[in-house]
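What follows is the residue order along each chain.
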Amino acid sequence: MNRKMILYRGCLKSCNYCCSYCPFAKHPMLNREMEKDRMEWRRFCRSLKERARELGRFGLMIVPYGEALNHLWYWEGLGELSALNEAEAVGAQTNLSFSFKESIQCFYDAGGKKEKLRLWATFHPEMVSVEAFVQACQTAREEGIALCAGAVGVPENLSLIGELRRCLPDEIYLWVNPMDGLRRPYTWEEEQQCLAIDPLFFREQAVINAEPQYCSNRIFVEGGGRLQICNISGCMPGNWYQEDFSFPSPSCSRKSCSCYLAYGGRRDWVNDLLFGQYPLFRIPQYFLAVFFDIDGTLLQEGEREIDSLTTASLKSLARMGTRLFFATSLPLPKAKKKCRSVWELFDGGIFAGGAHLWWKEPLHQGCQEILYPLKEAVLSAVEEQSKNLHCRLYSYRNKGKLYKITLSRREGCGWERAEESFLQGVLPETLKGSVRFIREKHCMQVIPAGASKENGVEIICREMGISPKQAAAVGDSAEDEAMLLLCGKGVKFQCIK
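To keep things clear, this report deals only with the structure shown in the data block. (Residues numbered from 1 in each chain as written. Predicted model: local features only at pLDDT ≥ 70, side-chain atom pairs only at ≥ 80, totals over all residues. Heavy atoms only, no water.)

**Section: the overall build of the protein chain**
1) Next: Per the secondary structure count, the protein chain includes 15 helices and 22 strands.
2) Next: Across its three principal directions, the C-alpha atoms of the protein chain cover 85 × 55 × 40 Å.
3) Next: Taken over 497 residues, the protein chain has a buried fraction of 55%.
4) Next: In the protein chain, of all internal contacts separated by at least 6 residues, the share reaching a separation of at least 24 is 66%.
5) Next: About 22,600 Å² of surface is accessible on the protein chain, with carbon and sulfur atoms providing 49% of the total.
6) Next: If the 63 positive side-chain charges of the protein chain are averaged to one point and the 60 negative ones to another, these points end up 3 Å apart. (Helix = DSSP H or I, 4+ residues; strand = E, 2+ residues; numbered from the N terminus. Buried < 20%, exposed > 50% of the residue type's maximum accessible area, 1.4 Å probe, protein only. Contact = heavy atoms within 4.5 Å. Areas by Shrake-Rupley, 256 points an atom, 1.4 Å probe, with all protein chains shown as cover. Lys, Arg positive; Asp, Glu negative; His and termini not counted. Charge placed at Lys NZ, Arg CZ, Asp CG, Glu CD.)

Below, the structure written as structure tokens:
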């Protein structure tokens, strides 16, 4: 389902805090300016309710210049919108300084559904104590409201933010944003402090190229209706309030996604895996293990190196304690060569489509390995036909045992189902049913019938002492679908470049 993510920013430019680095508290708004902000928000809420059926499933996040949730009209609007069937998540960035009892009651009185409410809460050390901020977070959690917490990584504040991490419940994710204007890289010691607080800080340090084709499902709306992809992308044609409004084709003036509101809203498997359907709310999902396809997923077509965002995300998962495994049709040596830059982050995996399983035991207890062999007669039968089928044949062995055969054609020359049936037919009667053929673009893979990625996930999870429902899987092809369904979270990657 093509869910939409909508960001909203009105003309509000004020805050009840007065942090030294922030300009918004230094701009006192007149009553007429505040009334304009209220009227713009009410107009936006009316239009979104009228348009909801046309838009389909959506999430909405308020990203103000300053603090919006100390104004009850925002709570009223969030409550009304959360009552819509199409609304799956609504929320805002906030400093949590409002009167919670009064605010949440306003939300409920407007029909609000608390299970849809999401808060992105920011800690401001100059204005609030660790104890008071933790209490505000716990009050929201006790009400059943999902939230994340975070802070700007000002080097002088890292010890205090570390204390906040120790005081917050484990289930509340605490993020660290790099400090704008620091004018120097973080030192190694500062970086380690940030990573100890936020294992996803690797992602904040990655250089992420702007790719607007990944942003077709989201839009940033200003109070007057002006449109952007995100907060930094630059204006796009059209206006939210025009009668024939539709989501425009995304365009971007930036070379890179330099903040979380930019890269966190991209429609890619990384965000879906880490944060679910609406990653901009920054509330993570946690898995004990994740299984990754390689070609078409970790490595997209034509790429030789895993990109910086994917690498940073894999490092983050590993630091969070998630065990990483490959799940690929590639034999182990080829997988290792293609993924050499991240190989040490992985604990093994499922290779050759499930014909070869290899994984590390925890606590340095060695490795485990399972091989599903093919009969040599299969190779003989298939080899005889390879010239007639205009392909090259490659066979793969481990410790002398045959476990996989690949029939390869030139790029762009695929395989027909009739050719698969033909190969099944040339096998001796005693071998029919013992072999599985997999058509993948220009390759025909031949592996034992009992071997599959799904079976490999079941075995490795059993050896880990976990259920596949405590694991996630990421893949891009029909061969991955059973594995994706087996796991608690299955992410189907579709390249849209």
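**Some remarks on empty space enclosed by the protein**
1) Next: Under the criterion given, the structure shown has two cavities of 30 Å³ or more.
2) Next: Its volume calculated, the largest cavity comes out at about 90 Å³.
3) Next: Ala-210, Arg-218, Cys-230, Cys-252 and Cys-257 are the residues nearest the centre of the largest cavity, which is lined by 14 residues in total.
4) Next: Taken together, the residues of the lining of the largest cavity sort by class into nine nonpolar, two polar and three charged.
5) Next: What lines the second largest cavity is simply Tyr-173, Asp-198, Leu-200, Arg-203, Glu-204, Tyr-260, Tyr-263, Phe-275 and Arg-282.
6) Next: Of all elements in the fold, only helix H7 (201–205) and helix H8 (260–263) reach the threshold of two or more residues within the lining of the second largest cavity.
7) Next: Of the residues belonging to the lining of the second largest cavity, the class tally is five nonpolar, no polar and four charged. (1 Å grid on protein atoms, 1.4 Å probe; cavity = no way out; pocket = protein on both sides within 12 Å on 5 of 7 lines; lining within 4 Å. Points joined across faces, edges and corners; volume = space filled by probe spheres on them. Nonpolar A, V, L, I, M, F, W, Y, C, P; charged D, E, K, R; others polar.)

**Observations regarding unusual backbone geometry**
If a residue is not glycine, its phi is most likely negative; likewise, a peptide bond is most likely trans.
1) Next: Despite not being glycine, Leu-96 has its phi angle at roughly 65°, a positive value.
2) Next: Looking at the element boundaries, Leu-96 is found in the loop between strand S5 (87–94) and helix H3 (100–109).
3) Next: With a phi angle near 65°, Arg-183 is a residue other than glycine that sits in the positive phi range.
4) Next: Summarising the element assignment, Arg-183 is placed in the loop between strand S8 (174–178) and helix H6 (188–197).

**Some thoughts on the side chain of Arg-51**
1) Next: Looking at the element boundaries, Arg-51 is found in helix H1 (residues 31–55).
2) Next: An unpaired buried charge is present at Arg-51: no salt bridge exists, and Glu-54, the closest side chain of opposite charge, is 4.5 Å distant.
3) Next: Ignoring anything within four residues of it in the chain, the contact list for Arg-51 reads Trp-240, Gln-242 and Phe-245. (Salt bridge = Lys/Arg side-chain N within 4 Å of Asp/Glu carboxyl O.)

**Regarding the sheet that holds strand S16 (residues 367–371)**
1) Next: Taken together, the seven strands give an open sheet; going across it, the order is S16-S15-S14-S13-S12-S21-S22, and neighbouring strands pair in mixed fashion. Two strands in the sheet have a free side with no partner beyond their single neighbour: S16 and strand S22 (489–492). The sheet shows a mean angle of 15° between the axes of neighbouring strands, direction not considered.
2) Next: In the sheet, strand S12 (residues 289–292) pairs with strand S13 (residues 323–327) via four bridges, with the strands oriented parallel. Opposite Phe-291, over in S13, you have Phe-325 as the bridge partner.
3) Next: Across the sheet, helix H10 (residues 308–319) lies against S12, S13 and strand S14 (346–351), angled at about 130° from S13, the strand it touches most. (Pairing = 2+ DSSP bridges. Axes fitted to C-alpha atoms, helices over the stretch in contact; angles between N-to-C directions.)

**As for the pattern of salt bridges**
1) Next: A complete count under the given rule lists 23 salt bridges for this structure.
2) Next: Close ionic contact of Arg-57 with Glu-88 constitutes a salt bridge, the shortest N to O distance being 4.0 Å. With Arg-57 in the loop between H1 and strand S3 (58–62) and Glu-88 in strand S5, this pair connects stretches of sequence that are 31 residues apart.
3) Next: Relative accessible area serves as the criterion here: at 22%, Glu-88 is assigned to the partly exposed category.
4) Next: Its salt-bridge partner being Glu-376, residue Arg-397 comes within 2.6 Å of it at the nearest N-O pair. Residue Arg-397 is found in strand S17 (residues 392–398), and its partner Glu-376 is found in helix H12 (residues 376–386); the two are separated by 21 residues along the sequence.
5) Next: With relative accessibility at 40%, the residue Arg-397 sits in the partly exposed group.
6) Next: The exposure class assigned to Glu-376 is partly exposed, which follows from its relative accessible area of 41%.

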